[in-house]
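# Observations on the model geometry
So the chains spell out like this:
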Amino acid sequence: QVLLVESGGGPVVAGGSLRLTCSAFGRPIANYAMGWFRQVLGKEREFVATISWGGGLSDYAESVAGRFTISRDNAKNTVDLRMNSLKPEDTAVYYCATFRRPMSSATKDPIDYGNWGQGTRVTVSS
């Protein structure tokens, strides 16, 4: 089992930037695609971005494409989400998770992910 811990969230003014980090403990995540998701109270968890296990492929939700960048450092066992040009509608709790199957192409469906972290809250004010 792997423990994922998200960090880097906080308050930010619209137009600003934040970098979220997902740190993995317990075992390497190098063979697993990783995903970032977000959730607003009362709504379903929403796909944000995913990165392949090798780091060469990434995919984004349409709402964040061009503003967010996902990256990973397998040597450090971390996955980052760089968020630029933040909007109030980006306000949510952000979670990282591992894709359930190793060395596989990832999906955008949260049901295909496991080892969810506790989340880090991002609040964007206008």
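Thresholds, definitions, all that
Think of each chain on its own: its residues are numbered from 1, step by step along the sequence as written. Only residues with pLDDT of 70 or above have their local features reported here, since the model is predicted, and side-chain atom pairs are shown and tallied only from 80 upward, although totals for entire chains, interfaces and linings are computed over all residues. Water and hydrogen atoms play no part in the side-chain values, which are based on all heavy atoms of the structure. Here a helix means four or more residues in a row that DSSP labels H or I, a strand means two or more in a row labelled E, and each is numbered from the N terminus. Only C-alpha atoms enter the radius of gyration; for comparison, a globular chain is expected to reach 2.2 Å times N to the power 0.38, where N is the number of residues. Each residue is assigned to one of three classes by its accessible area relative to the maximum for its type, calculated with a 1.4 Å probe on protein chains only: buried under 20%, partly exposed between the two thresholds, exposed over 50%. Two residues form a contact once any of their heavy atoms are found within 4.5 Å. We call two strands paired when DSSP finds no fewer than two bridges between them. Interaxial angles span 0 to 180 degrees and are taken between N-to-C directions of axes, which are lines fitted to C-alpha atoms, for helices over the stretch in contact. For Phe, Tyr and Trp, rings pair up if their centres lie within 6.5 Å, where Trp contributes its six-membered ring, and each pair is then called stacked (planes under 30 degrees apart), edge-to-face (over 60) or tilted (otherwise). A pair is scored as a salt bridge if a Lys or Arg side-chain nitrogen falls within 4 Å of a carboxyl oxygen belonging to Asp or Glu. Working definition of a nonpolar core: buried Ala, Val, Leu, Ile, Met, Phe, Trp, Tyr and Cys residues. They are joined through side-chain atoms within 4.5 Å.

## Some points on the overall build of the protein
Scanning the protein from N- to C-terminus turns up 0 helices and 11 strands. Ordered by position from the N terminus, the helices and strands of the protein form the series β-β-β-β-β-β-β-β-β-β-β. Over its C-alpha trace the protein gives a radius of gyration of 13 Å, about what one expects of a compact globule, namely 14 Å for 126 residues. If you line up the protein on its principal axes, its C-alpha atoms span 40 × 30 × 25 Å. Taking all 126 residues of the protein together, the buried fraction comes to 46%.

## Overview of the environment of proline 110
Tracing the backbone through its elements, the reader meets proline 110 in the loop between β9 (92-99) and β10 (113-114). Accessibility expressed as a relative area gives 23% for proline 110, which makes it partly exposed. For the pair formed by proline 110 and aspartate 80, sequence separation is 30 residues and the distance between their alpha carbons is 18 Å. In this structure proline 110 touches Phe37, Arg45 and Trp116, once residues within four positions along its chain are discounted.

## Quick look at the sheet that holds strand β1 (residues 3-7)
Taken together, 4 strands build an open sheet; the order of strands is β1-β3-β8-β7 and the sheet is antiparallel. The open sheet has two free edges, formed respectively by β1 and β7 (68-73), since each of these has just one partner strand. When strand polarity is set aside, the average angle formed by the axes of neighbouring strands in this sheet is 15°. Sheet topology places β7 next to strand β8 (residues 78-83); 6 bridges connect them, and they run antiparallel. When the sheet's bridge partners are listed, isoleucine 70 is paired in β8 with leucine 81.

## Section: the packing of aromatic side chains
Counted according to the given criterion, the structure contains 5 aromatic pairs. Seen in terms of ring centroids, tyrosine 95 and tryptophan 116 are 6.4 Å apart; in terms of plane orientation they differ by 80°. Their pairing is edge-to-face. Note that tyrosine 95 is positioned in strand β9 and tryptophan 116 in the loop between β10 and β11 (120-125), a separation of 21 residues in sequence. Note on tryptophan 116: relative accessible area 29%, which makes it partly exposed. When the ring of phenylalanine 99 is compared with that of tyrosine 113, the centres are 5.3 Å apart and the planes differ by 75°; the resulting orientation is edge-to-face.

## Notes on the pattern of salt bridges
Taken as a whole and judged by the stated rule, the model has 5 salt bridges. The partner of aspartate 80 in a salt bridge is arginine 19, with the nearest N and O atoms 3.9 Å apart. Residue aspartate 80 is found in strand β8, and its partner arginine 19 is found in strand β3 (residues 18-25); the two are separated by 61 residues along the sequence. Notably, a salt bridge pairs aspartate 90 with arginine 67, separated by 2.7 Å at the nearest N-O pair. Residue aspartate 90 is found in the loop between β8 and β9, and its partner arginine 67 is found in the loop between β6 (58-60) and β7; the two are separated by 23 residues along the sequence.

## Observations regarding the nonpolar core
Trp36, Phe68, Leu81, Met83 and Tyr94 are the most contacted members of the largest nonpolar core, which totals 33 residues. No other element matches the 5 residues that β9 contributes to this core. In contact with leucine 81, not counting residues within four places along its chain, are Leu18, Arg19, Leu20, Trp36, Val48, Ala49, Phe68, Thr69, Ile70 and Tyr94.

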